[in-house]
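Structural description and commentary
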Amino acid sequence: MPIPQAFGPSAASDGVPPPISRPSAAAHRLGVPAMPGLEWNSEVARETAHLYERIRAVVPAIEWPFFAPYVRAINALKKERNAVILAHNYQTPEIYNCVADFVGDSLQLAREAAKVDADIIVQCGVHFMAETSKILNPDKTVLIPDSKAGCSLAAAISGADVRLLRAQYPGVPVVAYVNTTADVKAEVDICCTSSNALDVVESLGADTVIFLPDQYLAKYVAGQTKVKIISWQGACEVHERFTAEELRHYREDDPSLQIIAHPECPPDVIAEADYTGSTAGMIDWVRTRRPRRVVMVTECSMADNVQAELPDVEFVRPCNLCPHMKRITLPKILDSLLHLREEVVIDPAIAAKARRSVDRMVSLRR
Ligand code: SF4
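Criteria and cut-off values
- Residues numbered from 1 in each chain as written.
- Predicted model: local features only at pLDDT ≥ 70, side-chain atom pairs only at ≥ 80, totals over all residues.
- Heavy atoms only, no water.
- Pairing = 2+ DSSP bridges.
- Helix = DSSP H or I, 4+ residues; strand = E, 2+ residues; numbered from the N terminus.
- Axes fitted to C-alpha atoms, helices over the stretch in contact; angles between N-to-C directions.
- Parallel < 35°, antiparallel > 145°, perpendicular 65-115°, else oblique.
- Contact = heavy atoms within 4.5 Å.
- Nonpolar A, V, L, I, M, F, W, Y, C, P; charged D, E, K, R; others polar.
- Buried < 20%, exposed > 50% of the residue type's maximum accessible area, 1.4 Å probe, protein only.

The next thing to look at is the sheet that holds strand S3 (residues 102-104). Ordered by their spatial adjacency, four strands build an open sheet running S3-S2-S4-S5, and the pairing between neighbours is parallel. At either margin of the open sheet sits one strand with a lone partner, and together these are S3 and strand S5 (141-143). Mean inter-strand twist for the sheet, computed between neighbouring axes without regard to direction, equals 20°. As judged from the five bridges shared by strand S2 (residues 83-88) and strand S4 (residues 120-124), these two strands associate in the parallel manner. Across the sheet, residue Val 84 finds its bridge partner in S4, namely Ile 121.

We now examine the packing of helix H6 (residues 127-136) against helix H16 (residues 348-362). The contact between H6 and H16 brings their axes to 9 Å, and the two run at 95°. With respect to their mutual orientation, H6 and H16 come out roughly perpendicular. Facing H6, whose interface residues are Thr 132, Ile 135 and Leu 136, H16 presents Ala 351, Ala 354, Arg 355, Val 358, Asp 359 and Val 362. Within the contact of H6 with H16, the residues separate by chemical class into six nonpolar, one polar and two charged.

The set of residues buried in helix H13 (residues 279-289) consists of Thr 279, Ala 280, Gly 281, Met 282, Ile 283, Trp 285 and Val 286. Trailing H13 by a residue or two, Arg 290 shows a phi angle of about 45°, which is positive.

As structure tokens, this is what we get:
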């Protein structure tokens, strides 16, 4: 199904709200514990040895003395603060495997955020993910270790753009990928992730749907449904850099190589893939199929995290780093838990409207 029409992104913000003042209101309320010791010694080595075992395949032993004191301090502070850490699949192995309580793609993290039993959520991912957690948990303190962790998709469209689209296409339902700001979520009918985009579009029972902001995910969905899709021209700066040509070269070198791609990639890249799916879908595919050699056409850390779990699979790595995801580090997570910053704050009226579209997605079971 061809895309009938697309629109250019407006002069958008960077997808991240203005900086939040420090120290946070939560730190004023709850106090700031003493800075834990961060020296590497035999006690730290003993206490963290089981965690290093999880990442031995992807983190050299020489690096562990730097990570381990932070890992120990963060895990102790989580208990003291009654906090949980939600980490996206693109987080680095020492975060994903050693301090996270829940890991997953955007949909899995949104579902965990909806049922989490803790006073504080630390979101190790990008800003729109932390906003989604706050939208679903308005009474909890939601922190992001670096509030500048944005996203090119979230920056591609604003709430005002959605209002203009609605004026141009009256009555046409609007689906927003979760990679959008709270402002945008407040203006749409329902959210989706790359795991459930097709189900969400078809759940609306409409002939035509506006799907934003990812033009490539829109094309991928349009190729699998009879619903006419009106798309926006946003793109993920990480996935749009892959090319079909580089994948063909890898395949020529090794015809048995398996290629799996994320639907944020351009269509010609997806056409080269043996499987296309969300990050959670890609991980499940590798766990189930156990290929000898595989290329994961997505952000680099995901291959590291799956490699840590499945050292017998060889991951060929034409991968691209997401500079926003990489803003999150162990020292910043520790700082975030100590000083309860950066606290995610959303206008309550916007949060209430955005919650409707996120709740509708989270409760969709198909
Ligand atoms: S990988 Fe792409 S979609 Fe994901 S956070 Fe980075 S820029 Fe956004």
